[in-house]
Amino acid sequence: MSYRKAYLAAPLAALLPVQAAAQGIDETINTIFADYTGWYVSLIFADLPGTNFSWIALWLVVAALVFTFYFGAIQLRGFTHSIALVKGDYSDPDDAGEVSHFQALATALSGTVGLGNIAGVAVAVGIGGPGATFWMIVAGLFGMATKFTECTLGVKYRNEYPDGRVSGGPMYYMTKGFSERGLPGGKIFAILFCIFTILGALGGGNMFQANQAHAQLSGVLGEYPGWITGLLLAGVTFIVIVGGIKSIAQVTEKVVPFMGIFYVIVSVIILLMNFDMIGWAFGQIFMGAFTGLGVLGGFTGALIQGFRRAAFSNEAGIGSAAIAHSAVRTKEPVTEGYVALLEPFIDTVVICTMTALVIVITGVLNIDPETGLYVWNSEAGRISTEGEVAGVELTSAAYARAFSWFPAMLAIAVVLFAFSTMISWSYYGLKAWTYLLGEGAAKETTFKVIFCLFIIIGASANLGPVIDFSDAMLFSMAVVNVIALYFLMPIVKRELESYVSRLRSGEIKRFKS
Amino acid sequence: MSSEVFVVAYEGAQDDPGVLGYAMQRAAVEGATLLLVHVLEWSPYSFLTPEELEERHGRRAKEIERARSDVTGPALDKVKAAGIEAECVIRYGNVVELVVEEAGKAGAGMIFVGRSGSQSVAARVFGSVPMGLAQISPVPLVIVP
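Just so it is clear, the model here is predicted, and its values are computed rather than measured. (Residues numbered from 1 in each chain as written. Chains lettered and ligands numbered in written order. Predicted model: local features only at pLDDT ≥ 70, side-chain atom pairs only at ≥ 80, totals over all residues. Heavy atoms only, no water.)

Asks: What is the right way to look at the sheet that holds strand 1 (residues 5–9) of chain B in this model?
Replies: Within a sheet, each strand pairs with its neighbour through backbone hydrogen bonds, oriented either parallel or antiparallel. Residues and elements named next belong to chain B. Here we have five strands laid out as an open sheet, ordered 3-2-1-4-5, and parallel in their pairing. Of all strands in the sheet, those with a lone pairing partner are strand 3 (86–93) and strand 5 (141–144), marking the two edges. Sheet twist, expressed as the average angle between the axes of neighbouring strands with direction ignored, equals 25°. Contacts between helix 1 (residues 18–30) and the sheet are confined to strand 1, strand 2 (33–41), strand 4 (110–114) and strand 5, with strand 4 contributing the most and set at about 155° to the helix. Each of strand 4 and strand 5 touches helix 5 (residues 129–136); the most contacted strand, strand 4, lies at about 160° to it. (Pairing = 2+ DSSP bridges. Helix = DSSP H or I, 4+ residues; strand = E, 2+ residues; numbered from the N terminus. Axes fitted to C-alpha atoms, helices over the stretch in contact; angles between N-to-C directions. Contact = heavy atoms within 4.5 Å.)

Asks: Would you explain the interface of chain A and chain B in this entry?
Replies: By a widely used convention, the size of an interface equals the accessible area lost when the partners come together. Each side of the interface is counted separately: chain A has 35 residues, and chain B has 21 residues. Here chain A meets chain B over a buried area of about 2400 Å², counting both sides, of which 57% is carbon and sulfur. Scanning the region where chain A abuts chain B turns up three salt bridges. Residue B:Glu54 pairs with A:Lys431 through a salt bridge whose shortest N-O separation is 3.2 Å. Our count for the chain A to chain B interface comes out at 14 residue pairs in polar contact (both at pLDDT 80 or more). Contributions of two or more residues to the side of chain A that touches chain B are made by helix 5 (79–87), helix 6 (101–112), strand 2 (166–167), helix 12 (246–273) and helix 19 (406–437) of chain A. If you tally residues by element for the side of chain A that touches chain B, the top one is helix 12 of chain A, at seven residues. Across the side of chain A that touches chain B, the residue classes break down as 14 nonpolar, nine polar and twelve charged. (Buried area = accessible area lost by both parts, 1.4 Å probe. Salt bridge = Lys/Arg side-chain N within 4 Å of Asp/Glu carboxyl O. Polar contact = N/O pair within 3.5 Å; in protein donor to acceptor, adjacent residues only side chain to side chain. Nonpolar A, V, L, I, M, F, W, Y, C, P; charged D, E, K, R; others polar.)

These figures come from the coordinates and say nothing about function on their own.
In structure tokens form, the structure reads like this:
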């Protein structure tokens, strides 16, 4: 431990007498957690018979492909129009002061850009090898069509209340859309979706964030019990979501985008510093995508990890983004679909690829000099790394090779990203909760208190059970949401065709040239 | 509006009687109509929390209502009571750009603005409203101390 670490860890030393007991609590939580959730995780990630390809990965891949073909590769032909919409070229000046396309996109992004891009990518590359990056990019590109579909529906079927509030999301398009098409079961889908959203909010939107924030903080400050981080994060979150101190959330919401931009700039600098190795890194990514380069499971190992982490990072098909995007002020729901398709592009294709390239280029993954293949650590179930670190610590180690100060900066970024994602997911979870139980101060406070308690559990548990449970809950949301999207995609097509024809005829005006 | 139009970049009670009083004097002499432009600062590129997104539409309606009842309403009453024809516009966005835009739309012959007197670092670095108007106003600009 350096002097700096020792100095920073000094206040924690006072807690040493309780540390042993605390670690006991951590282990107990872990055991209970793994015991109670293990069966469900196994069910969600079960392999297809006779293969080692999980059915849920195939589920999302097929959905993304279906939406891509059904909407005629909207992510390619609509990309420039998406940019124009975000720039406000088609925004009516009379609507100024309302939620703009940019604001809806930025808020949705602050709920998705974060640990998935930093820790998730490291997990994918650590287990699936550099090749996982290729499949992550592919999943991101196809996932753009999924996001387009769900966010168009989110706006089309949102609820607008007399007091001006707007609420939308899959639960609304499931009930209203199914009813419009004369299909039964919309309400059941909505209820199931809400249950999974609540659990997803507590899992991926909460425990995973708290867990990785603790991992990063303990990497910088020295080891200390996870519940301390959990308690601190839970306390601040409690002040914001229960105490109504919105200024903290507002500050976070403004700082996080700049942290994201800073992260990308640092990544670009590292890549430029290693300019001569970029070609080699892309070679590793392409070769690894089809051969595995020594990774257990080879091609499918890389593919599954790539798809899993991409879905976890950009949330395409999960349905959460439809909640955030639904507040935009537009007369054309499909415009928000266009804007939302940029989300997986920014999140996965740009930011995740940056992280992956830095991890590969900086050489923190151990390569056997004789075979040129990655060294597999069968005990840990991943590629052997420098210091045998994984998750966010691997990303931190990679960036530290270029800039020794980066781990401290990353620790701050991770905590802020984690906090921002928690705030977003506490909102998504609350929307699902109130949809099921109705609105009311007592009901809302109950959810918020539960949410804060899960932060402590998440920070105390080990990486494995937390990641598995988080993924299982998010993918459960995707199961219900994607089925609903299949039923409702003809409505989106109708909206799209009408919009495109009016755009071509000049009926839809461009306000800025 | 058939007579000449003077635009007043009206921020609120602090412009009263200063800029508003002077604009009224000039309008009375010239027989001009006053157009009060009140701008609520807003950027479509700012960052909001999910809760703020949900409430934005309702808040905007309340903000406009409050601006109308507390800011432009009393000013308009005062101008009309002095026998000067007047209208007002409430807009969201960048003050300088929107005042110039409204002046262009109304075919205004002159813009009146109060000197903000701001000594803040932000005003020095990014410029104040009078400075901005002085740079891009297409018609004569009167900065009232």
